[in-house]
Amino acid sequence: MGKKEQETKDLIQELQNESEAIRQSVTIGRLIQDAADREHERAKGTIKILAGLLALSLLINMVVVGAFLWYESQWEYESTTTTTTTQTVDGSDAEINNIEGDMYKDNSSNQKNG
């Protein structure tokens, strides 16, 4: 076997090794793509579940708010206004009856608050 034949055999062996490496690389690529596709499908399912839960949560919140508004509408509220009343009395012994129910003479002062 000459040097040329040995080089040819080495080259053929190298090509076979490269061919095997390429086949292995393609196989690994297909396995990775398969795993990625399965993960993508699983992620889509998770997103659908989460979107459904979000929609359900919003619906429940709207029902709760509606029930609260209905409950609050059952009550009748009265508005109050503040008015200032000035009392004019004549005479030195006239009696004043204030809004709290205290009664005193007009020439005296109400010392209740201070």
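Residues numbered from 1 in each chain as written. Predicted model: local features only at pLDDT ≥ 70, side-chain atom pairs only at ≥ 80, totals over all residues. Heavy atoms only, no water.

### Digging into the overall build of the protein
Then comes step 1: The number of helices and strands found in the protein is one helix and two strands.
Then comes step 2: Ordering the α and β elements of the protein from the N terminus gives α-β-β.
Then comes step 3: Residue burial in the protein is summarised as follows: out of 114 residues, 3% are buried.
Then comes step 4: Total accessible area computed for the protein in this model is approximately 10900 Å², and 58% of it derives from carbon and sulfur atoms. (Helix = DSSP H or I, 4+ residues; strand = E, 2+ residues; numbered from the N terminus. Buried < 20%, exposed > 50% of the residue type's maximum accessible area, 1.4 Å probe, protein only. Areas by Shrake-Rupley, 256 points an atom, 1.4 Å probe, with all protein chains shown as cover.)

### Regarding a negative patch on the surface
Then comes step 1: On the surface, Glu7, Asp10, Glu14 and Glu18 cluster together into a negatively charged patch.
Then comes step 2: Relative to the elements of secondary structure, Asp10 occurs in helix α1 (residues 3-73). (Patch = residues over 30% accessible without salt bridge, like charges linked within 9 Å, V, L, I, M, F, W, Y side chains within 5 Å. Salt bridge = Lys/Arg side-chain N within 4 Å of Asp/Glu carboxyl O. Lys, Arg positive; Asp, Glu negative; His and termini not counted. Charge placed at Lys NZ, Arg CZ, Asp CG, Glu CD.)

### A word on the pattern of salt bridges
Then comes step 1: Taken as a whole, this structure holds four salt bridges when the rule is applied.
Then comes step 2: A salt bridge links Arg23 to Glu20, with the shortest nitrogen-to-oxygen separation between them at 1.8 Å. A residue pair is termed a helical-turn pair when its members lie 3 or 4 positions apart in one helix, as Arg23 and Glu20 do in helix α1 at three residues.
Then comes step 3: The exposure class of Glu20 is partly exposed, given its relative accessible area of 29%.
Then comes step 4: With a shortest N-O distance of 4.0 Å, Asp34 and Arg38 are connected by a salt bridge. With Asp34 and Arg38 both in helix α1 and four residues apart, the pair spans about one turn of that helix.

### Some thoughts on a nonpolar patch on the surface
Then comes step 1: Taken together, the side chains of Ile49, Leu50, Leu53, Leu56, Leu59, Ile60, Met62, Val63 and Val64 define a hydrophobic patch exposed on the protein surface, amounting to about 910 Å² of accessible area.
Then comes step 2: The topology assignment puts Leu50 in helix α1.

### Topic: the packing of aromatic side chains
Then comes step 1: If you walk through the whole model with that rule in mind, you get one aromatic pair.
Then comes step 2: Plain terms: the ring middles of Tyr71 and Trp75 are 6.2 Å apart, the flat faces sit at 80 degrees to each other, and that makes the pair edge-to-face. (Phe/Tyr/Trp six-rings, centres within 6.5 Å; stacked < 30°, edge-to-face > 60°.)

### Quick word on the confidence of the model for the protein
Low pLDDT means the predicted atomic positions in that stretch should not be read closely.
Then comes step 1: For the protein, per-residue confidence averages 81 on the pLDDT scale, and 73% of positions sit at 70 or higher.
Then comes step 2: Mean pLDDT across the elements of the protein bottoms out in strand β2 (residues 103-105) (55) and peaks in α1 (92). (pLDDT = per-residue confidence, 0-100.)

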